[in-house]
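Here is what each chain is made of, one letter per residue.
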Amino acid sequence: MRVIVAEDSALLRQGVVRLLRDGGVDVVAETADADGLPELVAAERPDVVLLDIRMPPTHTDEGVRAAGAIRARCPGTGVLLLSQYVETSAAVGVMARDPRGFGYLLKDRVADAEELIDALKRVAAGESAVDPEIVARLLARRRADDTLGRLTPREHQVLALMAEGRSNEAITRRLRISGKTLETHIRSVFGKLELEPDLADHRRVLAVLTYLRG
Amino acid sequence: MGGGPTSGGRARRAPTPRLLIGLGTAALLAGACGSWGYARSGAGPGDLVRDLSVGWTYAAAGLVARYRRPANRTGDLLLAEGISWFLGNLQGFPVPWLFAVGAWGEALNMAVLAHLLLVFPDGRAGTAGERRLMVAGYALVAAGGFARVLLYDPAADRATSYLACPECGPNPLLLRRDPALFDALDLAYRWAGVVLTALVLVTMVRRWRRASPARRRVLLPAWVAVGIALAFVGWEVLYLLAPESPGAAGDLLTAASDLSQLAVPAAFLTGLLRMRLRRASVGDLLVAAGSEPTPHRLQEVLRQVLGDPSLRLGLPAGDGSVTDPEGRPLTGGARAVTRVDAGPGTGAVLEHDSAVGEDPALLAAAGAAVRFWLSDHRLRAELAGQARRTVPRRLLQAAYEERRRLERDLHDGAQTRLLYTLMTLRRLGTRLPGADDPELRRTVAEAEDSLRHALEELRDLARGIHPAVLTRAGLEPALASLAERSPVPVQVDAEPGRHPQLIETTAYFVVSEALANAVRHAAARRVAVRVRHGGRLLVVEVEDDGVGGAPAPPGPGEPAEPGDSGAAPGTGLRGLADRVAAVGGTLRVDSPPGAGTRIRAELPCE
């Protein structure tokens, strides 16, 4: 898996690169700012770009904008964004563009080699990766109607994993249930939330996130 | 009313041609009849010409004035003078009753003339003293003239009238033939006339001295008339001193005064038509009021210019009522009211004597001056308000900048370093040769846990200092994020859209502080946040269902207690009130005990 790391803090960038290389990831380039990133991506053709949302010069949303430019220039390149804060609006906003090959993780995840590499792999494969913390926050949102309260604990787990962008296969593995059982759960969840069933994985994550945010 | 003054007083319109023709015909007939009587009493053609020219000139001047200055009473008076001029000539008629009326009203034109002098050029008396003097003239003619008629025998008292007319009469009102008594009464009557004339002169001198140069210019022709009036007095005095010596001197005086009298109506008319003094003095109003007049001063000047000492200037008070400079409410009542509009919420009201309304143009000019003053006043207030706001606004802006910088520093510095340490620690944990040692693993896990906590706390701290999402994505995502972290359900209903950073940040902190207040002090179970922008205002409302009873924040400028996270309810709200005031907004807190709290901030987005 070929990866470009874009992070403005040199210390953190070095740490991440070392961690990824230790995990067997091929870091083809690293950069401290988002400016020349689309060109770099076009030249190196990585599978994924690991990208901090806050980059110079304004330290606001350079990363998000660079992600858009990368996707426009090299469609199919995965982008995994790192955010300092849990911001559901930003996460959903990023996903809403095109959840295929997009990920949004809390920055703290970089300390967890396994989780980080797993997310990179999923994004490289065209899946989505939404930070569990963000999903937890969305699920914990107090809402006027108590739709989520009508879900069984198992259905709750299934919903959370779908929101994280995990595939059916990953969910069955994680929950140790059969594919058939999972499909029953998913139908039930979608029925209770009054969402369109039979969505492809990437459309599913968006539908679920949008529902949870709304 | 398009900003123009409206008056509750009467406003006279220009007379119709029919009315003018009617009045002119009346004057012509009065002259013709008078001349017939005059001729019958023995007047020569020269006398008749003089007599007719003076009377008709007054009447003609009156008609012109009536036409050109319909709102001014002077025209009426000139006409009355012209018609009453011929009244004495009725003594030449062979009808006894007409003789009595003529003898009675012989001096009526003198009273009218005095009236004219007293009210010229405004058409109304300025002071109570002037009004009394005017009334006294008419009263003297009415009472004194009547008493004199009761004793007047034209056959016996030959030299008492300008008409030498022993055949006139007979006097049907004659009560008693008593020449001695008649002489005494006649003398007293004439002296009373002299005294009144002198008083009129004194008044005129006083008015002249009071008058501004602009007014003197207009008064001047009338003061020529005073000279004529003096000639009359001289004639009267001469007549009193030497009643037995009419002869050439008497004739000459009569001729001179009659001829010069021709100039009097012309002088009045000229002055009247040139009367720009009021408009000029409205200009003076602005000068006299000074560059920064108080309402008191303005009222005083208006009183002088409009000639109404009872005038009151009403200005809008804070509570929507209209009060005079002493703070007494204006009731209007029976008096006329003129409104002056000068933009929303800044109208003034003039409460004045209805007579003032007889010159609508003058009122309009005065209204324009008041409007000018009001606009000027409002402009000054706005400028002062801006100056008051600028400094706190800049301070607030600087404080927000500082917060943003601090958050960035935390993000780039401590947070990054802690995160790196966490990464290193995890590598250490997996690569340690003694990784199987449970003791060691627990220690590493504890350190890792502690580090994660530190990162989390630091992140919360940084977000509290300045929410990065606010700068990046705006108010709505920032408020949503705030709501998600709240321990009570918060419904956010915010219109999307970006606003100036200072306003967004202030709005964010209003909601943040209100939420903290609702959770910490009000024991609210749910909170609703609404953000709307209409026109140039951003309106932020936070409503909870808690216990209420939060103290209202003090007005801007009042000291707030330091610290916006104080333990007592409302201390944070006080800080908010200052922040909101600093950006030129308003903060309202409705918090009745037991009925929830409603906080509403209106922030100008300019």
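Please read these numbers as outputs of a predicted model, since none were measured by experiment.

Comments concerning the overall build of chain A
When its secondary structure is counted, chain A shows ten helices and six strands. Within chain A, contacts between residues separated by at least 24 positions form 65% of all contacts whose residues are at least 6 apart in sequence.

Remarks on the sheet that holds strand 9 (residues 586-590) of chain B
Residues and elements named next belong to chain B. Read from one edge of the open sheet, five strands run 6-7-8-10-9, paired in mixed fashion. The open sheet has two edge strands with one neighbour each: strand 6 (490-494) and strand 9. Averaged over neighbouring strand pairs, the angle between their axes works out to 10 degrees when direction is ignored. Of the strand pairs in this sheet, strand 7 (residues 527-534) and strand 8 (residues 537-544) are connected by eight bridges, and their pairing is antiparallel. When the bridges of strand 8 are listed, R532 appears paired with V539. The sheet contacts of helix 15 (residues 475-485) involve strand 6 and strand 7, and relative to strand 6 the element is tilted by about 175 degrees. Helix 16 (residues 501-520) contacts strand 6, strand 7, strand 8 and strand 10 (597-604) of the sheet and is inclined by roughly 10 degrees relative to strand 8.

Describing the UniProt feature "transmembrane region" (unreviewed entry) in chain B
All names here are of chain B. Per the UniProt record, "transmembrane region" (unreviewed entry) is annotated on residues 19-39, 97-120, 132-151, 188-206 and 218-241. Across residues 19-39 one finds 100% helix and 0% strand; the C-alpha atoms that close the span lie 30 Å apart. Within residues 188-206, the helical portion is 100% and the strand portion 0%, while the C-alpha atoms at the span's ends are 27 Å from each other.

Quick word on unusual backbone geometry
It is generally the case that most residues other than glycine have a negative phi and that most peptide bonds are trans. That bond from A:P56 to A:P57 is cis: its omega, 5 degrees, falls within 30 degrees of zero. Its location among the elements puts A:P57 in the loop between strand 3 (48-52) and helix 3 (62-73). The phi dihedral of A:R176 is positive, around 55 degrees, even though this residue is not glycine. Accessibility expressed as a C-beta count within 10 Å gives 7 for A:R176, which makes it exposed. With a phi angle near 50 degrees, B:A523 is a residue other than glycine that sits in the positive phi range. C-beta crowding within 10 Å serves as the criterion here: with 12 such atoms nearby, B:A523 is assigned to the exposed category.

Considerations on the interface of chain A and chain B
Tallying the contact residues gives 23 residues for chain A and 25 residues for chain B. The set of elements that each furnish at least two residues to the side of chain A that touches chain B consists of helix 1 (10-22) and helix 4 (88-97) of chain A. Ranked by the residues each element gives to the side of chain A that touches chain B, the list is headed by helix 1 of chain A, at four residues. Grouping the amino acids of the side of chain A that touches chain B by side-chain chemistry returns eight nonpolar, seven polar and eight charged.

Overview of the packing of helix 4 (residues 96-104) of chain B against helix 6 (residues 128-151) of chain B
Residues and elements named next belong to chain B. Contact pair helix 4 / helix 6: the axes reach a minimum separation of 8 Å and the direction vectors enclose 135 degrees. In terms of orientation, helix 4 and helix 6 fall into the oblique class. Read as a crossing pair, helix 4 and helix 6 show a hand that is right-handed. Residues A100, A103 and W104 of helix 4 touch helix 6, and the partners they reach there are G145, F146 and V149. Counted by class, the contact of helix 4 with helix 6 contains five nonpolar, one polar and no charged residues.

Remarks on the sheet that holds strand 5 (residues 102-106) of chain A
Residue and element names in this part refer to chain A. A sheet is described by the order of its strands in space; here six strands give the open sequence 2-1-3-4-5-6, paired in parallel fashion. Strands with a single pairing partner mark the edges of an open sheet, and in this sheet they are strand 2 (26-31) and strand 6 (129-130). Note: strand 3 against strand 4 (residues 78-83), five bridges, orientation parallel. What sits directly across from L50, in strand 4, is L80. Contacts between helix 4 and the sheet are confined to strand 4, strand 5 and strand 6, with strand 5 contributing the most and set at about 165 degrees to the helix.

The rules behind these values
- As a convention, each chain's residues are numbered from 1 in the sequence order in which they are written.
- Chain letters start at A and ligand numbers start at 1, both assigned in the order the entries are written.
- The model is predicted, so local features are restricted to residues of pLDDT at least 70 and side-chain atom pairs to those at 80 or more, both for listing and for counting; the totals for chains, interfaces and linings are taken over all residues.
- By definition, any uninterrupted DSSP run of H or I lasting at least four residues is a helix, any uninterrupted run of E lasting at least two residues is a strand, and each is numbered from the N terminus.
- Any pair of residues counts as being in contact when their C-beta atoms, constructed from backbone geometry, are within 7 Å of one another.
- Here a strand pair is declared whenever DSSP counts at least two bridges between the two strands.
- Angles run from 0 to 180 degrees between N-to-C directions of axes, and those axes are lines fitted to C-alpha atoms, restricted for helices to the stretch in contact.
- UniProt positions are given in the numbering used here, feature names are shortened, and annotations may be inferred rather than shown by experiment.
- The exposure scheme places C-beta atoms from the backbone and then counts, for each residue, the other C-beta atoms within 10 Å of its own, assigning buried at 20 or more, exposed at 12 or fewer, and partly exposed in between.
- We call Asp, Glu, Lys and Arg charged. Ala, Val, Leu, Ile, Met, Phe, Trp, Tyr, Cys and Pro are nonpolar, and the rest, Gly among them, are polar.
- Small angles under 35 degrees read as roughly parallel and large ones over 145 as roughly antiparallel, with 65 to 115 read as roughly perpendicular and the rest as oblique.
- In this scheme, a crossing is called left-handed if the near helix is turned counterclockwise away from the far one by less than a right angle; it is called right-handed if the turn is clockwise.

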